[in-house]
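# Observations on chain architecture
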Amino acid sequence: QVQLVESGGGLVQAGGSLRLSCACSGRTCGSRHMAWFRQVPGKERVFVAAISWIGGNTYYADFAKGRFTISRDNAKNTAYLQMNSLKPEDTAIYYCSAGSSTWPPTAMNYWGKGTTVTVSS
């Protein structure tokens, strides 16, 4: 089994930055794609960014390009999402996920419980 725990969320002013972390524990953490999603209450969960389990290939949603950077440290079994130039519309619960054998990933098998990001005006 794989367990994911997000951290790093919080309150930040518009234009500021946050770095989210996702710690993965389990036998296959190092051999899975990892991705970040976000969800605003009352709206659907949307894809943010993904990184392949090998090679460091990345894929971003249009709204994340140029502002967000996904990375991973396989030695630490941790994925990161660096978010810069944050906007109030980035306010959401951010979820870490792992899985999917396809690239770009089309499905994720495991999910964290989420970390809340709030961007004030």
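Here the structure is a predicted model, which means the values were calculated and not measured. Starting afresh in each chain, residues are numbered from 1 along the sequence in its written order. Two thresholds apply to this predicted model, a pLDDT of at least 70 for residue-level local features and 80 or more for giving and counting side-chain atom pairs, whereas whole-chain, interface and lining totals are computed over all residues. Remark: hydrogens and water are excluded; side-chain values derive from all non-hydrogen atoms of the structure.

### Details of the overall build of the protein chain
The secondary structure listing takes helices from DSSP runs of H or I that are at least 4 residues long and strands from runs of E that are at least 2 residues long, numbered from the N terminus. A tally of regular secondary structure across the protein chain gives zero helices and 11 strands. Starting at the N terminus and ending at the C terminus, the protein chain contains elements arranged as β-β-β-β-β-β-β-β-β-β-β. The quantity called the radius of gyration is restricted to C-alpha atoms. Its globule counterpart is 2.2 Å times the number of residues to the power 0.38. Relative to the compact-globule value of 14 Å for 121 residues, the protein chain shows a C-alpha radius of gyration of 13 Å, a close match. Taken along its principal axes, the extent of the C-alpha atoms in the protein chain is 40 × 30 × 25 Å. Throughout, exposure labels follow a simple rule: accessible area from a 1.4 Å probe, protein chains only, divided by the maximum for the residue type, with under 20% read as buried, over 50% as exposed, and the rest as partly exposed. Classification of the 121 residues of the protein chain by burial places 43% in the buried group. By definition in these notes, contact holds between two residues if any of their heavy atoms fall within 4.5 Å. Counting contacts in the protein chain only where the partners sit at least 6 residues apart, residues at least 24 apart contribute 55% of the total.

### Re the state of the cysteines
Here, the term disulfide refers to a pair of cysteine sulfur atoms separated by no more than 2.5 Å. Tallied over the full model, the rule gives two disulfides. Across the disulfide from Cys24 sits Cys29; the S-S distance is 2.0 Å. One quick way to see it: the torsion about the S-S bond of Cys24 and Cys29 is about -80 degrees, and its sign makes the bridge left-handed. Considered together, Cys24 and Cys29 belong to a single accessibility category, that of buried residues.

### Some thoughts on the pattern of salt bridges
The term salt bridge refers to a pairing of a side-chain nitrogen on Lys or Arg with a carboxyl oxygen on Asp or Glu at a separation within 4 Å. Enumeration over the complete set of coordinates arrives at three salt bridges. For the salt bridge of Arg38 with Asp90, the shortest nitrogen-to-oxygen distance reads 2.8 Å. Of this pair, Arg38 sits in strand E4 (residues 33–39) while Asp90 sits in the loop between strand E8 (78–83) and strand E9 (92–99), placing them 52 residues apart in sequence. Comparing Arg38 with Asp90 shows no difference in burial state: the two are buried. Ionic pairing is found between Asp90 and Arg67, a salt bridge with its closest N-O pair at 2.7 Å. Note that Asp90 is positioned in the loop between E8 and E9 and Arg67 in the loop between strand E6 (58–60) and strand E7 (68–73), a separation of 23 residues in sequence. In this structure, Asp90 and Arg67 share a single accessibility class: buried. The structure contains a network of salt bridges with shared partners spanning Arg38, Arg67 and Asp90.

### Some thoughts on the side chain of Arg72
Checked against the element boundaries, Arg72 lands in strand E7. Within the buried core, Arg72 has no salt-bridge partner, and the shortest N-O distance to an opposite charge, that of Asp73, equals 8.3 Å. Reaching out from Arg72, the side chain makes a polar contact with the side chain of Asn74 at a distance of 2.7 Å. In this structure Arg72 touches Cys29, Gly30, Arg32, His33, Met34, Ile51, Ser52, Trp53, Thr78 and Ala79, once residues within four positions along its chain are discounted. Charge counting treats Lys and Arg as positive and Asp and Glu as negative, with His and both chain ends excluded. Two N or O atoms count as a polar contact when they lie within 3.5 Å, although within protein this holds only if one can serve as hydrogen donor and the other as acceptor, and sequence-adjacent residues are included solely when both atoms are side-chain atoms.

### Notes on the side chain of Arg67
Judged by its relative accessible area of 11%, Arg67 falls in the buried class. Of note is the side chain of Arg67, whose polar atom sits 3.1 Å from the backbone oxygen of Phe63. Beyond its immediate chain neighbours, meaning those up to four positions away, Arg67 contacts Gln82, Met83, Asn84, Ser85, Leu86, Lys87 and Asp90.

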